[in-house]
Amino acid sequence: MHGRYSGGIMKAKFIFITGGVVSSLGKGITAASIGLLLKSRGVKVVNQKFDPYLNIDPGTMNPYQHGEVFVTVDGGETDLDLGHYERFTDVPLHRFNNTTAGKVYLSILDRERSGGYQGNTVQVIPHVTDEIKSRILKTGEETGADVVITEVGGTVGDIESLPFIEAIRQIKYTVGKDNCIFIHLGLLPYLKECGELKTKPMQHSVKELLGFGIQPDIIMCRSEKPLTKSIREKLGLFCNVGQNAIIENLSAKSIYEVPLMLENEGLGKTLCSLLDLPNSEPDLADWKEMVRRYYHPEKEITIALVGKYVELHDAYLSVAEALTAGGIHHSARVKIDWIDSERITDLDKAEELLGKAAGIIVPGGFGDRGTAGMMVAARYARENKVPYFGICLGMQIAVIEFARNVLSLADANSSEFNQQTPHPVIDLMPDQQGVKLGGTLRLGEFRCVLAEGSKAEKAYRLHDIVERHRHRYEFNNLYRDSFEQSEMALTGRNPERNLVEIVELPAHPWFVGVQFHPEFASRPNKPHPLFRDFVGAAVEKSAKAKA
Ligand code: GLN
């Protein structure tokens, strides 16, 4: 299974995916699908992404520009494509699986300042390219993967991605041609006027790649229409690839069907033959069953997602996927009603906007804007017994709302939103006070012990769990007694620092707030237990409403 390329040492093989013609073709889904097709043949895979921008990571970027920040188990703040990789391959990723140009330059400049280059001029070639190459090889070494699948962000020819393209060209020389392949994904536009798919832009894009010294081994064609024999022949002739290396990548009704379509196109077989891997029969039964269930739901429910970045659905990508997965489990299509929290000005407005929802979810977020509307939504769910799931900010919102309206702690708040609040029920921990903003986030996996008999324990069927975090503020333990004497139960606790991780209303059909982000651990064929049960409660509510 392993390739040998240096002194008989067993090392990984590499697949690089570049994009051409236009951006947003779904390189991430393609890379994730390749991971699944190889994994389903017993190959140990790991995916990684190169982002040519200069930010160190997307952690500080506006969700409207970048979409969701995906959090890895070790607390890396990464590109949302890593979420696709994890959902398709079920391989947990780490911060080193997302390399940005910013990270590359940061390590080079740190080394330069500490004299690491011993007086040499530091240059893009070889220093930047060497740093990128060492990261590629390290991913193979650190994970022990048979195949490392690397998606290069952006489109070939972008100025900022040049060092990445040059580095992957050089890698083929380092690891040997049987251990490295290039896949180029481009668009074949369909012209209605002549009723034809056009190959010229793809040919030009491949020419550009050839200009950088890279001959793609596989041409993958995104298109609205199936590829005809003559189109395939033209592409083969002008892009120098055999017919089995021209892969059609049609738009699918669900992203989860993409790997199955690519397998039907013979991609798995071609990959194995190009990389000299044994081509065993892929085991995709579980995945196929999940897609079948998704395409044939028995019912439909609506979940209201109340947030402040709702115009860009990618800002809540993993939450949306986790809701879909919960639905698949219950044979229910989950329709998300994206509600801008600023529109929920009072309970009447809540009734108007949320009245038809079978469940309400308030996901994570930062800053005060929109939080008043989220609190009205939480109150509406609490009082009307609508299933409620609060994630991170959504849990804090539920706590604040309860403090104000049930515990009569007037003007209770999070000190994130009002530093002068008389009741900071959500607050910084004492050891965070006075520390500058950067670096104070609680990131990555932490333990949580679940209270016996709680809804959380019932969902997980476990007593001790780990979940991924990304937040700065915490439930304020000074208010623990007031809550414990009320009908809001504190049912999850981080044992190391005695932090409240989960709150619930035991008398409510399903009202759970979690300080962590369960959405990152959910898989389409293995929904997260809390999403599964939240959707389950919503399905039940919707059935009752119809009865
Ligand atoms: N803004 C809140 C905090 O920093 C919640 C963060 C989140 O929802 N990810 O604690």
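Each remark here, short or long, concerns the structure printed above.
Q: It is not clear to me how the sheet that holds strand β22 (residues 474-475) should be interpreted in this structure. Could you clarify?
A: Taken together, the 3 strands give an open sheet; going across it, the order is β18-β19-β22, and neighbouring strands pair in mixed fashion. A single partner strand is all that each edge strand has here, and the edge strands are β18 (413-414) and β22. Strand direction decides the pairing type here: strand β19 (residues 424-427) and β22, joined by 2 bridges, are antiparallel. Within the sheet, the bridge partner assigned to Ile-426 lies in β22 and is Phe-475. Each of β18, β19 and β22 is contacted by helix α15 (residues 393-405), which is oriented at about 170 degrees to β19, the strand it contacts most.

Q: Looking at this model, I keep getting lost on the site of the ligand. Mind explaining?
A: All residues adjacent to the ligand are Gly-364, Gly-365, Phe-366, Cys-392, Leu-393, Gln-396, Glu-416, Arg-470, His-471, Arg-472, Tyr-473 and His-517. Between an oxygen atom of the ligand and a main-chain N or O atom of Gly-365, the distance comes to 2.9 Å. Within the backbone of Leu-393, a nitrogen or oxygen atom sits 3.0 Å from an oxygen atom of the ligand. Protein contact buries 99% of the 300 Å² of open area that the ligand shows by itself. In this structure, the ligand is accommodated by the second largest pocket. Secondary structure elements with two or more residues in the shell around the ligand: α15 and β21 (464-471). A per-class count over the shell around the ligand returns 4 nonpolar, 5 polar and 3 charged.

Q: Where do I start with the pairing of strand β8 (residues 147-152) in this structure?
A: Side-chain direction in a regular strand flips from residue to residue, so the side chains alternate between the two faces of the sheet. For β8, the tally of buried residues reaches 6 of 6 residues, placing the bulk of the element in the interior. By the alternation rule, side chains of β8 split into Val-147, Ile-149 and Glu-151 and Val-148, Thr-150 and Val-152, which are all buried. Pairing between strand β3 (residues 13-19) and β8: 5 bridges, direction parallel. Paired with Phe-16 across the strands is Thr-150, a residue of β8. Bridge analysis of strand β4 (residues 45-51) against β8 gives 6 bridges, and the strand direction is parallel. What sits directly across from Gln-48, in β8, is Thr-150.

Q: Explain the pattern of salt bridges here, please?
A: Between side chains of opposite charge, a pair can form as their charged atoms come close. What the rule picks out here adds up to 35 salt bridges. Its salt-bridge partner being Arg-41, residue Glu-263 comes within 2.9 Å of it at the nearest N-O pair. Of the two residues, Glu-263 is situated in helix α9 (residues 258-264) and Arg-41 in the loop between α1 (27-39) and β4; the sequence distance between them amounts to 222 residues. Arg-41 matches Glu-263 in its accessibility class, with the two residues each being buried.

Q: What am I meant to see in empty space enclosed by the protein here?
A: Empty space left among the atoms is revealed by rolling a probe the size of a water molecule over them. Taken as a whole, this structure holds 1 cavity of 30 Å³ or more when the rule is applied. As a volume, the largest cavity reaches approximately 40 Å³. Every residue lining the largest cavity is listed: Arg-293, Tyr-294, Pro-297, Ile-328, Ala-332, Arg-333 and Val-334. Within the residue set of the lining of the largest cavity, elements represented by two or more residues are α11 (285-295) and β15 (332-340).

Parameters at a glance
Residues numbered from 1 in each chain as written. Predicted model: local features only at pLDDT ≥ 70, side-chain atom pairs only at ≥ 80, totals over all residues. Heavy atoms only, no water. Pairing = 2+ DSSP bridges. Helix = DSSP H or I, 4+ residues; strand = E, 2+ residues; numbered from the N terminus. Contact = heavy atoms within 4.5 Å. Axes fitted to C-alpha atoms, helices over the stretch in contact; angles between N-to-C directions. Near = heavy atom within 4 Å. Polar contact = N/O pair within 3.5 Å; in protein donor to acceptor, adjacent residues only side chain to side chain. Areas by Shrake-Rupley, 256 points an atom, 1.4 Å probe, with all protein chains shown as cover. 1 Å grid on protein atoms, 1.4 Å probe; cavity = no way out; pocket = protein on both sides within 12 Å on 5 of 7 lines; lining within 4 Å. Sits in = over half its atoms within 2 Å of the grid points. Nonpolar A, V, L, I, M, F, W, Y, C, P; charged D, E, K, R; others polar. Buried < 20%, exposed > 50% of the residue type's maximum accessible area, 1.4 Å probe, protein only. Salt bridge = Lys/Arg side-chain N within 4 Å of Asp/Glu carboxyl O. Points joined across faces, edges and corners; volume = space filled by probe spheres on them.

It is worth stressing that arrangement in space is one thing and function is another; only the former is reported here.
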